[in-house]
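Overview (structure and organization)
Each chain, written out:
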Amino acid sequence: QVQLVESGGGLVQAGGSLSISCAASGRTFSVYPMAWFRQAPGKEREFVAGITSGGDSTSYGDSVKGRFTISRDNAKNTLYLQMNSLKAEDTAVYYCARSGARYTVPRREDLYDSWGQGTQVTVSS
């Protein structure tokens, strides 16, 4: 089992930018696709962005497409999410997760087998 630890959350004004990271333990980070999910108060957890194991392909939720960028550095066992043009509705706890399958980047959270503890991102309007 891999351990995932998010960092970099905080408070930012609407229109601003923020970058969050997810550090992974172990030697299998580079083998599996990864993703970011988020959960706002009173709402279900939703898919934000995903990336294949080699970083050659990415996918995004409709609400963040064009504003967020997911990336990974397999040499550093780290996943990133660069968030630009932030809106109040981006306020949520952001989680990184590892896909349970090697070759897909699913959007369903039940297909992910390891999760971080989450980092809070708050966007003030």
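Refer to the structure printed above.
This report concerns the structure included in the present document. The model shown is predicted, which means the values in this text are computed figures rather than measured ones. (Residues numbered from 1 in each chain as written. Predicted model: local features only at pLDDT ≥ 70, side-chain atom pairs only at ≥ 80, totals over all residues. Heavy atoms only, no water.)

**Some words on the overall build of the protein chain**
- Counting its secondary structure elements, the protein chain contains zero helices and eleven strands.
- Reading the secondary structure of the protein chain in the N-to-C direction produces β-β-β-β-β-β-β-β-β-β-β.
- The C-alpha atoms of the protein chain give a radius of gyration of 13 Å, which matches the 14 Å a tight globule of 125 residues would have.
- For the C-alpha atoms alone, the extent of the protein chain along its principal axes is close to 40 × 25 × 25 Å. (Helix = DSSP H or I, 4+ residues; strand = E, 2+ residues; numbered from the N terminus. Rg over C-alpha atoms; globule rule 2.2 N^0.38 Å.)

**Examining the side chain of Arg 38**
- Along the chain, the position of Arg 38 falls in strand E4 (residues 34-39).
- A polar side-chain atom of Arg 38 sits 2.6 Å from a polar atom in the side chain of Glu 46.
- Separated by 2.9 Å, the side chains of Arg 38 and Asp 90 make a polar contact.
- Excluding anything up to four places from it in sequence, Arg 38 contacts Glu 44, Arg 45, Glu 46, Val 48, Ser 63, Val 64, Phe 68, Glu 89, Asp 90, Ala 92, Val 93 and Tyr 94. (Polar contact = N/O pair within 3.5 Å; in protein donor to acceptor, adjacent residues only side chain to side chain. Contact = heavy atoms within 4.5 Å.)

**Details of the pattern of salt bridges**
- The full count for this structure, using the stated rule, is seven salt bridges.
- Across the salt bridge formed by Arg 38 and Asp 90, the nearest N and O atoms sit 2.9 Å from each other. Of this pair, Arg 38 sits in strand E4 while Asp 90 sits in the loop between strand E8 (78-83) and strand E9 (92-99), and the two are 52 residues apart along the sequence. Each member of the pair, Arg 38 as well as Asp 90, carries the same accessibility label: buried.
- Its salt-bridge partner being Glu 109, residue Arg 45 comes within 3.0 Å of it at the nearest N-O pair. Taken together, the residues Arg 45 in the loop between E4 and strand E5 (46-51) and Glu 109 in the loop between E9 and strand E10 (112-115) connect sequence positions 64 residues apart.
- A cluster of three or more residues bridged by salt bridges with shared partners is formed by Arg 38, Glu 46, Arg 67 and Asp 90. (Salt bridge = Lys/Arg side-chain N within 4 Å of Asp/Glu carboxyl O. Buried < 20%, exposed > 50% of the residue type's maximum accessible area, 1.4 Å probe, protein only.)

**A word on the nonpolar core**
- Core analysis: the biggest nonpolar cluster contains 27 residues, and Trp 36, Leu 79, Leu 81, Met 83 and Tyr 94 have the highest contact counts within it.
- Where this core is concerned, the elements lending two or more residues are strand E3 (18-24), E4, E5, strand E7 (68-73), E8, E9 and strand E11 (119-124).
- Among the elements that make up this core, the one with the highest residue count is E3 (four residues).
- Among residues more than four places away in sequence, those in contact with Leu 81 are Leu 18, Ser 19, Ile 20, Trp 36, Val 48, Ala 49, Phe 68, Thr 69, Ile 70 and Tyr 94. (Core = buried A, V, L, I, M, F, W, Y, C linked by side-chain atoms within 4.5 Å.)

Read these as spatial facts, not as claims about activity.
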